Amino acid sequence: MSTLLSTQGLVARYGDFQALFGLDLQVAAGEVVALIGANGAGKSTLLRSLCGLLPVAPGMVRLDGQDVGGQAPHEMVRRGVALVPEGRRLFAGMTVEDNLRVAIDQARKLRVRAHGEAWTLERLHALFPALASKARVPVESLSGGQQQMVAIGRALLLQPRLLLCDELSLGLAPLVIREIYAALPGIAAAGTAIVVVEQDVALAQRASQRLYCLLEGRITLQGASAAIPREAIAQAYFGTTDHGAHHAMA
Ligand SMILES: Nc1ncnc2c1ncn2[C@@H]1O[C@H](COP(=O)(O)OP(=O)(O)OP(=O)(O)O)[C@@H](O)[C@H]1O
Ligand SMILES: [Mg+2]
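Residues numbered from 1 in each chain as written. Chains lettered and ligands numbered in written order. Predicted model: local features only at pLDDT ≥ 70, side-chain atom pairs only at ≥ 80, totals over all residues. Heavy atoms only, no water.

### Some remarks on the nonpolar core
Line of reasoning, step 1. Judged by nonpolar contacts, the single largest core of 54 residues is most densely connected at Leu-163, Leu-168 and Ile-194.
Line of reasoning, step 2. The biggest single contributor to this core is helix α7 (residues 174–189), with 8 residues.
Line of reasoning, step 3. Those residues in contact with Leu-168, other than ones at most four positions away along the chain, are Val-84, Gln-148, Ile-152, Ile-180, Tyr-181, Leu-184, Val-196 and Val-197.
Line of reasoning, step 4. One finds Val-68, Ala-193, Val-195 and Leu-214 within the second-largest nonpolar core, a separate group that totals 31 residues. (Core = buried A, V, L, I, M, F, W, Y, C linked by side-chain atoms within 4.5 Å. Buried < 20%, exposed > 50% of the residue type's maximum accessible area, 1.4 Å probe, protein only. Helix = DSSP H or I, 4+ residues; strand = E, 2+ residues; numbered from the N terminus. Contact = heavy atoms within 4.5 Å.)

### Re the site of ligand 1
Line of reasoning, step 1. Within the structure, ligand 1 sits among 14 residues, and Gly-40, Lys-43, Ser-44, Thr-45 and Glu-86 are positioned closest to it.
Line of reasoning, step 2. Between ligand 1 and Thr-45, the relevant distance is 2.4 Å, taken from an oxygen atom to a side-chain nitrogen or oxygen of the residue.
Line of reasoning, step 3. Between Glu-86 and ligand 1, the recorded distance is 2.9 Å, taken from a side-chain N or O atom to an oxygen atom.
Line of reasoning, step 4. Expressed as a share of its isolated accessible area of 630 Å², the protein-covered part of ligand 1 is 64%.
Line of reasoning, step 5. Every element with two or more residues in the shell around ligand 1 is listed here: β2 (17–28) and α1 (43–50).
Line of reasoning, step 6. Per-class residue counts for the shell around ligand 1 are 5 nonpolar, 6 polar and 3 charged. (Near = heavy atom within 4 Å. Polar contact = N/O pair within 3.5 Å; in protein donor to acceptor, adjacent residues only side chain to side chain. Areas by Shrake-Rupley, 256 points an atom, 1.4 Å probe, with all protein chains shown as cover. Nonpolar A, V, L, I, M, F, W, Y, C, P; charged D, E, K, R; others polar.)

### What about the packing of helix α6 (residues 144–156) against α7?
Line of reasoning, step 1. Relative orientation of the contacting elements α6 and α7 amounts to 20 degrees, with a least axis distance of 9 Å. Viewed along their axes, α6 and α7 adopt a mutual orientation that is roughly parallel. Relative to α7, α6 is oriented so that their crossing is right-handed. Here Gly-145, Gln-148, Met-149, Ile-152 and Leu-156 of α6 lie close against α7, whose contacting residues are Val-176, Glu-179, Ile-180 and Ile-187.
Line of reasoning, step 2. Residue classes in the contact of α6 with α7 are distributed as 6 nonpolar, 2 polar and 1 charged. (Axes fitted to C-alpha atoms, helices over the stretch in contact; angles between N-to-C directions. Parallel < 35°, antiparallel > 145°, perpendicular 65-115°, else oblique. Left-handed = near helix turned anticlockwise from the far one by under 90°.)

### Focus on the packing of aromatic side chains
Line of reasoning, step 1. According to the stated counting rule, one finds 1 aromatic pair in the structure shown.
Line of reasoning, step 2. Taking the ring centre of Trp-119 as reference, the NZ or CZ of Arg-123 above it sits at 3.6 Å.
Line of reasoning, step 3. A cation over an aromatic ring shows up here: Arg-218 above the ring of Phe-21, its NZ or CZ 4.2 Å from the ring centre. (Phe/Tyr/Trp six-rings, centres within 6.5 Å; stacked < 30°, edge-to-face > 60°. Lys NZ or Arg CZ within 6 Å of the ring centre and 35° of its normal.)

### Details of the sheet that holds β2
Line of reasoning, step 1. Sheet architecture is open: 4 strands sit in the order β2-β1-β4-β5, paired in antiparallel fashion. Each edge of the open sheet is held by one strand with a lone partner, namely β2 and β5 (66–67).
Line of reasoning, step 2. Of the strand pairs in this sheet, strand β1 (residues 3–14) and strand β4 (residues 61–63) are connected by 3 bridges, and their pairing is antiparallel. Note that in β4 the partner of Leu-5 across the bridge is Leu-63.
Line of reasoning, step 3. Running over the sheet, α1 touches β1, β2 and β4 and is turned about 115 degrees from β1. (Pairing = 2+ DSSP bridges.)

### Regarding the pairing of β2
Regular strands place their side chains on alternate faces of the sheet.
Line of reasoning, step 1. In terms of strand pairing, β1 meets β2 through 9 bridges, oriented antiparallel. Pairing of Arg-13 across the sheet is with Gln-18, part of β2.
Line of reasoning, step 2. Linkage of β1 to β2, two consecutive antiparallel strands, is achieved through a turn of 2 residues, within which Gly-15 is found at a positive phi near 60 degrees.

### What to know about the side chain of Lys-43
Line of reasoning, step 1. Note that Lys-43 resides in helix α1.
Line of reasoning, step 2. Of the buried charged residues, Lys-43 lacks a salt bridge, with Glu-167 as the closest side chain of opposite charge at 4.6 Å.
Line of reasoning, step 3. Polar side-chain contacts of Lys-43 include one of 2.8 Å to the backbone oxygen of Gly-37.
Line of reasoning, step 4. There is a polar contact of 2.9 Å between the side chain of Lys-43 and the backbone oxygen of Ala-38.
Line of reasoning, step 5. Setting aside its immediate chain neighbours within four residues, Lys-43 contacts Leu-35, Ile-36, Gly-37, Ala-38, Glu-167, Val-197, Gln-199 and Leu-214. (Lys, Arg positive; Asp, Glu negative; His and termini not counted. Salt bridge = Lys/Arg side-chain N within 4 Å of Asp/Glu carboxyl O.)

### Description of the environment of Ala-193
Line of reasoning, step 1. Relative to the assigned elements, Ala-193 resides in strand β8 (residues 193–197).
Line of reasoning, step 2. Distance from Ala-193 to Gln-26, taken between C-alpha atoms, is 11 Å for residues 167 residues apart in sequence.
Line of reasoning, step 3. Those residues within four positions of Ala-193 in sequence are excluded, and the remaining contacts are Leu-4, Val-27, Ala-28, Ala-29, Gly-30, Glu-31, Arg-161, Leu-162 and Leu-163.

### A word on helix α3 (residues 96–109)
Line of reasoning, step 1. With 14 residues, α3 extends 20 Å from end C-alpha to end C-alpha; this agrees with the ideal 20 Å at 1.5 Å per step.
Line of reasoning, step 2. Looking only at α3, the buried set comprises Val-96, Glu-97, Asn-99, Leu-100, Ala-103, Ile-104 and Ala-107. In a view along the axis of α3, the buried residues occupy a sector of 165 degrees, so they form one face of it. Exposed residues on α3 whose side chains face more than 90 degrees from its buried face are Arg-108 and Lys-109.
Line of reasoning, step 3. For α3, the secondary structure elements touched by its buried residues are α4 (121–127) and α6.
Line of reasoning, step 4. Just downstream of α3 lies Arg-111, where phi reads positive at about 55 degrees. (Expected span 1.5 Å × (residues − 1). Arc of directions from axis to C-beta.)

No statement about biological role is implied by the geometric values presented.
The following block contains the structure:
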């Protein structure tokens with residue numbers, strides 16, 4: 001498969017604090033890539049760097065072979081990169097449909113072009129049937145899982161080629177986590193590559209074709225998800241000096 005996104009020596013800083021140290025990673029068109037790592041490893045920072053929310057230098061990020069390092073967030077949206085942010089960040093006080101219409105309007109304003117079949121409200125309802133009857137309901141009255149579906153839907157309505165998902169499962173019940181993750185293969189098969197940050201390592205491994213593990217701003221492991229032994233993940237996740245690693249993974 002062809003490379004959709006790549007980073008070359010990606011570095012990110014918050015003021016004097018360096019959070020990412022020269023990351024090289026690739027995402028192929030239509031694949032699901034998982035990003036794992038302990039709290040503070042730099043997962044959210046990486047996603048923010050990929051969608052323009054954190055400034056990166058020219059040459060550090062390529063989309064379809066084009067240098068997009070340093071592009072503003074709206075420009076990254078226009079080029080097909082959408083983020084489902086940590087904590088969902090929906091617009092409280094607005095209905096589900098109005099939340100989604102914000103994305104439709106934004107896509108129109110930015111003249112985003114769909115690649116393949118466009119995402120519409122109808123198509124979202126087919127993807128997440130639980131949302132179909134909730135269009136007129138204030139978004140804060142939905143369950144956490146349904147809110148996460150709205151957050152994913154809002155990103156999909158930006159017609160992304162690359163969907164960046166930060167902690168989709170956080171705080172949700174197992175059943176709805178399964179429902180949400182069940183939607184990912186279909187999204188990817190329809191032509192949208194997905195990078196998913198996931199705390200649940202086993203879930204990350206199951207849900208992805210490839211995975212990267214971050215530790216303190218560096219990639220400590222990468223490979224085909226199904227082929228990586230659990231011990232290798234444990235070591236990459238906690239670092240080699242942490243003797244509690246294997247217990248913590250059990
Ligand atoms: N706005 C910020 N200002 C300063 N430092 C930050 C900021 N955001 C994150 N950091 C630091 O950057 C590092 C990476 O944080 P990041 O949020 O990317 O980690 P993460 O892997 O997403 O962690 P978590 O699993 O807790 O979400 C951490 O050391 C964090 O303290
Ligand atoms: Mg995070």
